[in-house]
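Residue-level structural notes
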Number of protein chains: 2
Amino acid sequence: MSDTIKYLLPETEIPKDWYNIVADLPEPPPPVLHPGTHEPVGPDDLAPLFPMSLIMQEVSTERYLEIPGPVREIYRQWRPSPLYRARRLEKVLDTPAKIFYKYEGVSPTGSHKPNTAVAQAFYNKEAGVKRIATETGAGQWGCSLAFAGAIFGISVEVYMVKVSFQQKPYRKAMMESFGASCIASPSDSTEFGKSYLAKNPDSTGSLGIAISEAVEVAATNDDVKYALGSVLNHVLMHQTIVGIEALKQMEMAGEYPDVVVGCTGGGSNFAGLVFPFIGEQLRGGSKIRALAVEPAACPSLTRGKYAYDFGDTGNMTPLTKMHTLGSTFVPPGFHAGGLRYHGMAPLISHLKELNLIEASAYHQNACFEAGVTFGRAEGILPAPEANHAVKGAIEEALRCKREGKSETILFNLCGHGHFDMQAYSEYFSGKLEDRNYDEQELAMALAGLPSVAV
Amino acid sequence: MSDTIKYLLPETEIPKDWYNIVADLPEPPPPVLHPGTHEPVGPDDLAPLFPMSLIMQEVSTERYLEIPGPVREIYRQWRPSPLYRARRLEKVLDTPAKIFYKYEGVSPTGSHKPNTAVAQAFYNKEAGVKRIATETGAGQWGCSLAFAGAIFGISVEVYMVKVSFQQKPYRKAMMESFGASCIASPSDSTEFGKSYLAKNPDSTGSLGIAISEAVEVAATNDDVKYALGSVLNHVLMHQTIVGIEALKQMEMAGEYPDVVVGCTGGGSNFAGLVFPFIGEQLRGGSKIRALAVEPAACPSLTRGKYAYDFGDTGNMTPLTKMHTLGSTFVPPGFHAGGLRYHGMAPLISHLKELNLIEASAYHQNACFEAGVTFGRAEGILPAPEANHAVKGAIEEALRCKREGKSETILFNLCGHGHFDMQAYSEYFSGKLEDRNYDEQELAMALAGLPSVAV
């Protein structure tokens, strides 16, 4: 029996640095603009929201940033994470391709999110911060910051998109188990939430709305900072620990990927795996195809406009240039709540414009079908978000079969689906719908983008 | 920061043999008896239910039994499992004790159960078996056999205790994701189920009832075998891989446990960790205290009678001598569904009679309190079953604090609680009840034990 192979690095191989792709890019990403003046923001403009150490990481152009000792100590609980060769899946697909996956579901909360949650909590703790407000979609990020807050003794307040809050009560229970509080958004705990509810009393929320609520809490309370689980440069950089480990593990396996695949919502797990490989390429190493897979119902990379936009619905954040569906766009409900964001990380958007990455989009039933195929072969049921990466990887493996090519495919299995079994139940009972976004609503949201003279 | 330490063995250190404690016992366990004749059963009597290779393991007196290559290949996906020193928990408890835990939640289904599921599926596959019937309580075992069945291409049919079937729909979804079928027990799919339902139409089931249904399916269908997730000698032996690894990992840590703790329902995770340590002791090595922790609402070891009894409610199984509450005893509902069994593994019961182990019992609120303390410190939320072991370990650590002793405590964190967050929600909202069993019902069940002239 040719079985699944695990490549595990010793603890001594936990990376000592995060990788900052900005240092290797042929041109720098566009500046972040102040929402009022449309002038580039400086570190001080962000100081109400983040500790200065994280702001300096956000704007850094250094190639490597040292991971603090205490953060590495905590990473040791689950890192280095395993990399597997999915030989049982290869056999089921009858493909000549070699399929590898990096598994981030081994973390305490079951996804890649603690990689940045622990780092952010550490820097906040160092800056004397006692309380952090944040938002969460499906709850992976909220649970992870709650976990990190428990370790560092920081109080964590999570605004959770209402539709997910209702669909996934167990994520709330997990946050509370770690001592955090979890509030359904839109809520009446913030001015923005109240005003939004007044106009839309039946709103089931969105990440854009929840971000506005959490940002408001941080901006209006001196003792509260804000934290984001994706999108920003420093968040993507914290996740590069995934790709740095994977580079070493592929070397252990004696292979180098032709294609590297990740799912994209805000973009952090994709960037985490892919950036170190693109960095190798930019510094003269082997070329890879980097493939971002997004939900067809919220397709920022494949259908969005590359333009300056707000990160939130309340238009409180700075303006960043990114692939966006418009900050007023509310995607239809689907189970990969972590991918229901109107914009894409500015760095990933920039790489897309530089033709360093590709993107494709799939509806959820096709992704769940891929996830079940994977699960039956490999024994791990992926999160609905991760099913998009699985789908992308399987499509590549089937292409290799058609073309008779023995390419090497690597994807990021960024989390397990233990908290998403309701979605699997619906998939099996045929109740899962592939909803499309409203074309007219998208057109209106895009027409409403702020006009920026850049 | 003194942080949690992980002790991870390389893959080459996956044990090559299971350990059979029978070889080292000062006296052999009492024989298993035929339910009709009360004579010792022979291998042929068990042949309708199990493949002969497993029957020979059940009655083996060899000290070590080789783990087949294909089984070790599959174990590699998650084994060797990590052993941690819980330094963050030690700090919270302010104890001089050193607390270690072996973590089996890293398996594909989140518990220790795949250790035996994979082995049992392998031997059934070797014997040409195409279909296996089994029962499950909380669902950990059913999911694990479903996973193993998916790998070996064996069809799996799971009778799940009705109260858990209703409380934990996501366990059913997981079994289905692996391609197995899951039926609420008592069901009308079996003669026993139908007759039981006729008398008790509102029955929410028990493990004893579900075992009767699965055994009936195997006994009355030539192409179906039966599998059990705990209690039997061969199941406990498959789990010793946990303790064999832990012995090596404690050596890595430069410590040897004074106390080894596990939760007990049927007894397999407790035996898996503890038997290799007791084996060392029986062969002249260091003495340990082995502590079994059970639910106060189903206290077979602390309140049961050591007597011959049936393993199931329908009285289809052979008679084994064990600590039992009586096969007609139906424990009150509580969340650790995996521990709701009227009997204790015969081997563990025998060790209790030989004074090689101790036992204690706790109600569920105290166990959840311990689990939350552990989770906030260590980042892992244990399954309700595992919370009993956590409670036992914390009590020992607090005793060490009172006595000023720096003892070394090792416990088995046999599974995570991702599928049990409803129980945590109820705990936090104060809705969790500590139910007692009915003393009169217990007395009646004990009075109804079969009379065996041994």
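1. Quick look at empty space enclosed by the protein
The final tally for this structure, using the stated rule, is twelve cavities of 30 Å³ or more. Each pocket or cavity is described by its volume, and for the largest cavity that value is around 560 Å³. What lines the largest cavity is a set of 34 residues, among which Gly105 and Val106 of chain A together with Tyr103, Gly105 and Val106 of chain B lie closest to the centre. Partitioned by chemical class, the residues of the lining of the largest cavity number 20 nonpolar, twelve polar and two charged.

2. Focus: the nonpolar core
In this structure, Ile348 of chain A together with Ile348 of chain B are the most contacted members of the largest nonpolar core, which totals 165 residues. Other than its neighbours up to four places away in sequence, Ile348 of chain A contacts Leu236, Gly266, Gly267, Phe270, Ala271, Phe275, Leu301 and Ile357 of chain A.

3. Section: the interface of chain A and chain B
Taken together, the 42 residues of chain A in the interface contact 41 residues of chain B. Taking both sides of the interface into account, the surface hidden between chain A and chain B amounts to around 3,800 Å²; carbon and sulfur atoms contribute 56%. When the buried surface of chain A facing chain B is broken down by residue, Gln77, Tyr170 and His418 of chain A rank first, second and third, together holding 19% of it. Scanning the region where chain A abuts chain B turns up zero salt bridges. Linking chain A with chain B are 19 residue pairs in polar contact (both at pLDDT 80 or more). Secondary-structure elements contributing two or more residues to the side of chain A that touches chain B are strand 1 (5-7), helix 3 (69-75), helix 6 (140-152), helix 8 (169-177), helix 15 (364-378) and helix 17 (421-428) of chain A. Along the lines of polarity and charge, the residues of the side of chain A that touches chain B split into 22 nonpolar, ten polar and ten charged.

4. Comments concerning the domain arrangement of chain A
Residues and elements named next belong to chain A. Looking at the assigned domains, one finds that chain A contains domain 1 (4-14 + 78-110 + 234-433) and domain 2 (114-228). Each of domain 1 and domain 2 has a C-alpha centre, and the two are 24 Å apart. At the interface, 31 residues of domain 1 touch 33 residues of domain 2. If you sort the residues of domain 1 by the area they bury against domain 2, Thr109, Met316 and Phe419 come out on top, with a joint share of 27%. Inspection of the domain 1/domain 2 interface yields one salt bridge.

5. Description of the sheet that holds strand 11 (residues 289-295) of chain A
Residue and element names in this part refer to chain A. An order of 1-4-5-15-10-11-14 is seen for the seven strands of this open sheet, with the pairing classed as mixed. With partners counted over all chains shown, the strands left at the sheet margins are strand 1 and strand 14 (358-362), one partner each. Ignoring which end each strand starts from, the neighbouring axes of this sheet average 25° apart. Across three bridges, the pairing between strand 4 (residues 83-85) and strand 5 (residues 98-103) is antiparallel. If you follow Leu83 over to strand 5, its bridge partner there is Lys102.

Procedures and definitions
- Residues numbered from 1 in each chain as written.
- Chains lettered and ligands numbered in written order.
- Predicted model: local features only at pLDDT ≥ 70, side-chain atom pairs only at ≥ 80, totals over all residues.
- Heavy atoms only, no water.
- 1 Å grid on protein atoms, 1.4 Å probe; cavity = no way out; pocket = protein on both sides within 12 Å on 5 of 7 lines; lining within 4 Å.
- Points joined across faces, edges and corners; volume = space filled by probe spheres on them.
- Nonpolar A, V, L, I, M, F, W, Y, C, P; charged D, E, K, R; others polar.
- Core = buried A, V, L, I, M, F, W, Y, C linked by side-chain atoms within 4.5 Å.
- Buried < 20%, exposed > 50% of the residue type's maximum accessible area, 1.4 Å probe, protein only.
- Contact = heavy atoms within 4.5 Å.
- Buried area = accessible area lost by both parts, 1.4 Å probe.
- Salt bridge = Lys/Arg side-chain N within 4 Å of Asp/Glu carboxyl O.
- Polar contact = N/O pair within 3.5 Å; in protein donor to acceptor, adjacent residues only side chain to side chain.
- Helix = DSSP H or I, 4+ residues; strand = E, 2+ residues; numbered from the N terminus.
- Domains from an automatic or database assignment.
- Pairing = 2+ DSSP bridges.
- Axes fitted to C-alpha atoms, helices over the stretch in contact; angles between N-to-C directions.

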